[in-house]
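Take a look at the letters that make up each chain.
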Amino acid sequence: MKLGIVGLPNVGKSTLFNAITQAGAEAQNYPFCTIEPNVGVVTVPDERVDNLTNINKSKKTVYATIDFVDIAGLVKGASQGEGLGNKFLSNIREVDAIIHVVRAFDDTNVVHVDGSVDPVRDIDTINLELIFSDIEILQRRQAKAQKALKADKNAAKELEVINKFLNVLGQNKSARTLELTEAEKEISKDFNLLTDKPVIYVANVSEDEIGSADNDYVKKIKEFAQTENAACVVISARIEEELSSLSAEEKKEYLADLGVDQSGLDKLVRASYDLLGLISFLTTGPDETRAWTISKGTSAQNAAGKIHSDIQRGFIRAETIAYDELMKVDGNMVTAKEKGLIRSEGKEYVMQDGDVVLFRFNV
Ligand code: GDP
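Residues numbered from 1 in each chain as written. Predicted model: local features only at pLDDT ≥ 70, side-chain atom pairs only at ≥ 80, totals over all residues. Heavy atoms only, no water.

A separate point is the overall build of the protein chain. Across its full length, the protein chain holds 14 helices and 12 strands. Its C-alpha radius of gyration of 23 Å places the protein chain within 12% of the 21 Å reference for a compact globule of 363 residues. When the backbone C-alpha atoms are referred to their principal axes, the protein chain occupies close to 65 × 65 × 35 Å. Going through the 363 residues of the protein chain one by one, you find that 48% of them count as buried. The long-range fraction of contacts in the protein chain, counting pairs at least 24 apart against all pairs at least 6 apart in sequence, stands at 68%. (Helix = DSSP H or I, 4+ residues; strand = E, 2+ residues; numbered from the N terminus. Rg over C-alpha atoms; globule rule 2.2 N^0.38 Å. Buried < 20%, exposed > 50% of the residue type's maximum accessible area, 1.4 Å probe, protein only. Contact = heavy atoms within 4.5 Å.)

Glancing now at the UniProt feature "domain: TGS" (unreviewed entry) in the protein chain. UniProt records the feature "domain: TGS" (unreviewed entry) at residues 277–361, using the numbering of this structure. Secondary structure across residues 277–361 divides into 29% helix and 38% strand, with the first and last C-alpha atoms of the span separated by 28 Å. (UniProt positions renumbered as here; feature names shortened; annotations may be inferred.)

What follows is about helix α2 (residues 47–56). Of the positions making up α2, those classed as buried are Arg48, Val49, Leu52, Thr53 and Asn56. Within α2, the buried residues cover an arc of 135 degrees as seen down the axis, which keeps them to one side. The outward face of α2, more than 90 degrees from its buried face, is lined by the exposed residues Glu47 and Asn54. Here the buried face of α2 lies against β3 (60–62), β8 (278–283), β9 (288–295), α13 (323–328) and β12 (355–361). Backbone geometry just downstream of α2 places Lys57 in the positive-phi region, at approximately 50 degrees. (Arc of directions from axis to C-beta.)

This next bit is on the packing of aromatic side chains. Summed over the entire model, instances satisfying the criterion amount to 5 aromatic pairs. Ring plane angle 70 degrees and centroid distance 6.1 Å describe the contact between Phe165 and Phe191, whose orientation is recorded as edge-to-face. With Phe165 in helix α5 (residues 154–170) and Phe191 in the loop between α6 (182–189) and β6 (199–204), this pair connects stretches of sequence that are 26 residues apart. Judged by relative accessible area, Phe165 falls into the buried class, the value being 1%. Plain terms: the ring middles of Phe281 and Phe359 are 5.9 Å apart, the flat faces sit at 90 degrees to each other, and that makes the pair edge-to-face. Of this pair, Phe281 sits in strand β8 while Phe359 sits in strand β12; the two residues are 78 residues apart in sequence, bridging distant segments of the chain. Relative accessible area serves as the criterion here: at 0%, Phe281 is assigned to the buried category. (Phe/Tyr/Trp six-rings, centres within 6.5 Å; stacked < 30°, edge-to-face > 60°.)

Attention now goes to the pattern of salt bridges. Tallied over the full model, the rule gives 22 salt bridges. With a shortest N-O distance of 3.1 Å, Lys59 and Asp287 are connected by a salt bridge. With Lys59 in the loop between α2 and β3 and Asp287 in the loop between β8 and β9, the pair connects residues that are 228 residues apart, well separated along the chain. Among the ionic pairs, Arg290 bridges to Glu288, the shortest N-O distance being 3.8 Å. Look at Arg290 and you get partly exposed, because its relative accessible area is 25%. (Salt bridge = Lys/Arg side-chain N within 4 Å of Asp/Glu carboxyl O.)

Attention now moves to the sheet that holds strand β5 (residues 97–103). Spatially, the 6 strands line up as an open sheet ordered β2-β4-β1-β5-β6-β7, and their pairing is mixed. Only two strands of the sheet have a single neighbouring strand rather than two, namely β2 (38–43) and β7 (231–235). Each neighbouring strand pair of the sheet contributes to a mean axis angle of 25 degrees, computed without reference to strand direction. Looking at chain direction, β2 and strand β4 (residues 65–70) are connected through 6 bridges and run antiparallel. (Pairing = 2+ DSSP bridges. Axes fitted to C-alpha atoms, helices over the stretch in contact; angles between N-to-C directions.)

Right, let's get into unusual backbone geometry. Phi is positive for Asn172, close to 60 degrees, though the residue is something other than glycine. For Asn172, a relative accessible area of 46% gives the class partly exposed. In the Ramachandran plot, Asn229 falls in the positive-phi region, its phi being about 55 degrees despite a non-glycine side chain. Inspection of the secondary structure puts Asn229 in the loop between α7 (216–227) and β7.

With that out of the way, let us pick up the site of the ligand. Lining the immediate environment of the ligand, one finds 20 residues, of which Asn10, Lys13, Ser14, Thr15 and Glu207 sit closest. Here a nitrogen atom of the ligand sits 2.8 Å away from a polar atom, N or O, in the side chain of Glu207. Separating an oxygen atom of the ligand from a side-chain N or O atom of Ser236 is a distance of 3.1 Å. When isolated, the ligand has an accessible area of 580 Å², and the protein chains bury 94% of it. Looking at the shell around the ligand, the elements with two or more residues in it are α1 (13–21) and α8 (237–244). The dominant element in the shell around the ligand, judged by the number of residues it contributes, is α1, at 3 residues. Of the residues assigned to the shell around the ligand, the class counts are 8 nonpolar, 8 polar and 4 charged. (Near = heavy atom within 4 Å. Polar contact = N/O pair within 3.5 Å; in protein donor to acceptor, adjacent residues only side chain to side chain. Areas by Shrake-Rupley, 256 points an atom, 1.4 Å probe, with all protein chains shown as cover. Nonpolar A, V, L, I, M, F, W, Y, C, P; charged D, E, K, R; others polar.)

With that out of the way, let us pick up the environment of Glu207. Within the fold, Glu207 resides in the loop between β6 and α7. On the basis of relative accessible area, Glu207 is assigned to the partly exposed category, the value being 31%. Sequence-wise, Glu207 and Arg313 are 106 residues apart; in three dimensions their C-alpha atoms are separated by 51 Å. Discounting residues that sit within four places of it in the chain, Glu207 has contacts with Ser236, Arg238 and Ile239. Engagement of the side chain of Glu207 in a polar contact is seen with the side chain of Arg238, the distance being 3.1 Å.

Have a look at this one:
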């Protein structure tokens, strides 16, 4: 899974991205500081994985991961190809969801590209570029569909969906605000519209506001997010950057001092999972305990394919137990088996979050 970080210059994208990579690429107090898109990988925190590792004395622990792509440089005029605009837009086209960082901190030392802090104006500036780009794409498709009307009976349906989108986008609203039927959604998948991608608005607040009530900027961002049925996560990129250099123990203490139980990055990762309808299943043994990411509704056989195509092909059954059930017998698979707690599921079984699984398969 790939998430693209977007936002105006100087809102804290690089700072957040540094926290993600812990690589310490320069966060500088001027626009355009990061030009190439960078990819950072975060592990998805999961105490179930930690517990199973300890119980089974696994030699290796592998967490699920999410890729974050830093798409800096998206500025006003990007859709007209200014400031390497088109390149950024095509980077966004490749991600599964968008993390839109919005400045919600006052700091006279940090220049704002438009002179003042105004989160909704800032969101609009970025979204308008994405909207313009979507309109351009749809107009091209519209012309094509119109030509195909006589020969292709699907073209009329497609044209109808295109026009619905163009109507919404023409009002400067994101494509995701349009309600579609399932059939229409199926048609629109092909369009790969930027403003139809799931989005999380990240309100970047000042380091001394973490743990306090929402400031006015945050309230406005949350209000806006609601109009798009989108999530809003409050973080302080500065704090995330500091946290990323600490050990797990120190991190815990620091978070407790701040009066929060989860880092902003952890919150963001969780929200991304929810947003994209992702769940994890687990495998465990002396060699390795591991979390695997799948979409909700994935069948046992397809889940097996995540591990290896051979296991999917030769699938016989999935021996499975819910993590919570397993923990009732202290996480011991052998005891669970003796007590008949492990179920044998066929290939059509719909995997549940936290299923601990052993796949049986023919080689
Ligand atoms: P980008 O252009 O969006 O990548 O923004 P940067 O991450 O480079 O941040 C721009 C400036 O804002 C830097 O000087 C950061 O230190 C500062 N900044 C980022 N996050 C915070 C924050 O949470 N609080 C404060 N006070 N400054 C921040």
